[in-house]
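Close look at the chain arrangement
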Amino acid sequence: MHISNRITGLLGGDGDGWEVFNRARGMIAEGVAVTELTIGEHDIRTAAPILQDMHRAAMSGHTGYASVPGTAQLRRVIAERVMERTGVPTTLDNVLITPGGQSALFAAHVAVCDPGDTALYLDPYYATYPGTLRGASAVAKRIQTRAEDAFQPRAQDIAAAAKGATCLLINSPNNPTGVVYSRATMDGIAEVCKANDLWLISDEVYDTQVWEGEHISPRALPDMAERTLVVGSMSKSHAMTGSRCGWVVGPEAVIEHLINLATHTTYGVPGFIQDAAVFALAQGAPFEEEIAAPFRRRRTLAQEVLAKQNAVALVPAQGAMYLMLDVRSTGMSGEAFANALLDAHHIAVMPGESFGTAAAGHIRVAMTIEDAAFRDALETLCAFAESLAA
Ligand code: PMP
């Protein structure tokens, strides 16, 4: 029996980038103590008060089919939050609640791409991007950013790829690079989108994790609200990765159609999860800062460790829970380095090559283990790189 080209072609013939990760998991299954700096998930769990509210909501009966677009209460809270953070007029009619940011990314591309349309994305990229675009029946076309620009995309590189394309996907603060797009970068992106009539899909799931500079939502730039779909999520900001609660914010006309898509795909997000999200968001900025604090702390700690050596260079770590480290002084690819580090020291990191080709010769380190162990692992990693570079 034929299995659809759309699904068999989802990965586009590339590996999925998780080979080192899977090898580390295999070692762990065999009883090896591996220090995992791979996956983008907090080392804390969802806070107890949020879980208590989720329990309360479920016990009070919010366990049936929830409103498909999301509850009016949560949509309103998201709209108010977006308005507060960006100044762009936003109502609940601009918001669709989705099962996580991942589902929002898919929905956003389905909303703007017809089958065969070209959807642009930037390399290095979050590992699921090309598959998500192909899953939405788009032709995924990547645009290189450059290590020498600290992976800030150049407007002219995007413009060169934009002819005939339908949309551009960006992500700031960025996974995997930890870079926050500057105002000049965002202005350039907005100009290219307007000049080429592109939709902009802005993945802002790390918007509460900014260590340096400011988070700019391109929906707030002149004449961009009508062509921008923002993807958001409770996962990173509130340590609620497993709750699967995210959203798309965009023009009312798009959201109207996305509600139809949700009706025919997910049928919404559980009501007790949405209630817990309302509760979590009501904790305000201090709580979000508390969730971000370990990464902020470890980023400072990493800067201290890295300042003491020359073999590993840190790409400006401006936001998100990752460090992008340049290991080209070792003469190895990111993948070879990651494999060697795993073998020699049982430390697992992601090769830059897992995220495309622009970050070749780099590795991504997730700042997701406890401080002392994180410092030890980084010191070992640097000493290992120094021994290889020598
Ligand atoms: N975008 C980026 C850049 C991510 O790193 C992630 C998760 N790692 C997501 C979207 C999706 O997150 P979620 O579905 O948990 O909201």
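Residue numbers run consecutively from 1 along every chain, following the written order of its sequence. pLDDT decides what is reported in this predicted model: residues at 70 or higher carry local features, side-chain atom pairs at 80 or more are listed and counted, and totals for whole chains, interfaces and linings draw on all residues regardless. Hydrogens and waters are ignored; side-chain quantities use all the structure's heavy atoms.

What follows covers the site of the ligand. Neighbouring residues are identified by heavy atoms, a residue being near a molecule or strand if any of them is within 4 Å of it. Of all residues adjacent to the ligand, which total 15 residues, the nearest are Gly101, Asp203, Ser233, Ser235 and Arg244. A 3.5 Å cut-off defines polar contacts: any pair of N or O atoms within that distance qualifies, except that in protein one atom must be a possible hydrogen donor and the other a possible acceptor, and neighbouring residues in sequence count only when both atoms are side-chain atoms. Within the backbone of Gly101, a nitrogen or oxygen atom sits 2.7 Å from an oxygen atom of the ligand. In the model, an oxygen atom of the ligand is placed 2.6 Å from a nitrogen or oxygen of the Ser235 side chain. Using a 1.4 Å probe, the Shrake-Rupley method yields the accessible areas, and only the shown protein chains count as cover for residues. When isolated, the ligand has an accessible area of 400 Å², and the protein chains bury 93% of it. For the ligand, the cavity whose grid points lie within 2 Å of the majority of its atoms is the largest pocket. When residues in the shell around the ligand are grouped by element, the largest group, 4 residues, is from helix α5 (residues 100–112). All residues other than Ala, Val, Leu, Ile, Met, Phe, Trp, Tyr, Cys, Pro, Asp, Glu, Lys and Arg, Gly among them, are scored as polar; the first ten of these are nonpolar and the last four charged. A breakdown of the residues in the shell around the ligand according to their chemical character gives 5 nonpolar, 7 polar and 3 charged. Note on definitions: the grid is 1 Å and covers protein atoms alone; a cavity is a set of points where a 1.4 Å probe fits but cannot get out; a pocket is an open set with protein on both sides within 12 Å along at least five of seven lines; lining residues have an atom within 4 Å of a point. Any molecule with more than half of its atoms within 2 Å of a cavity's or pocket's grid points is counted as sitting in it. Secondary structure counts use DSSP, requiring at least four H or I residues in a row for a helix and at least two E residues in a row for a strand, with both numbered from the N terminus.

Estimates place the volume of the largest pocket at around 460 Å³. Lining the largest pocket are 26 residues, with Gly40, Gln102, Tyr126, Tyr206 and Lys236 positioned closest to its centre. Ranked by residue count, the leading element in the lining of the largest pocket is α5, at 4 residues. When grouped by side-chain class, the residues that make up the lining of the largest pocket number 10 nonpolar, 11 polar and 5 charged. A domain split of the lining of the largest pocket shows at least three residues from each of domain 1 (5–45 + 286–389) and domain 2 (64–283). Grid points are joined across faces, edges and corners, and a volume is the space filled by probe spheres set on the points. Bear in mind that the domain bounds are from an automatic or database domain assignment.

Whenever Lys or Arg places a side-chain nitrogen within 4 Å of a carboxyl oxygen from Asp or Glu, that contact is recorded as a salt bridge. Counting across every chain of the model gives 20 salt bridges. Of the charged contacts, one joins Glu41 and Arg45 as a salt bridge, the two residues approaching to 3.9 Å between their closest N and O atoms. The partner of Arg183 in a salt bridge is Glu214, and the shortest N-O contact between them spans 3.5 Å. Taken together, the residues span a long stretch of sequence, with Arg183 in helix α8 (residues 183–195) and Glu214 in the loop between β6 (199–203) and β7 (228–233) at a distance of 31 residues. For each residue, the accessible area found with a 1.4 Å probe, counting protein chains only, is set against the maximum for its type, and the residue is called buried under 20%, exposed over 50%, and partly exposed in between. Classification of Glu214 as partly exposed rests on a relative accessible area of 44%. Via salt bridges that share partners, Asp43, Arg297, Arg298 and Asp371 belong to a single interconnected network.

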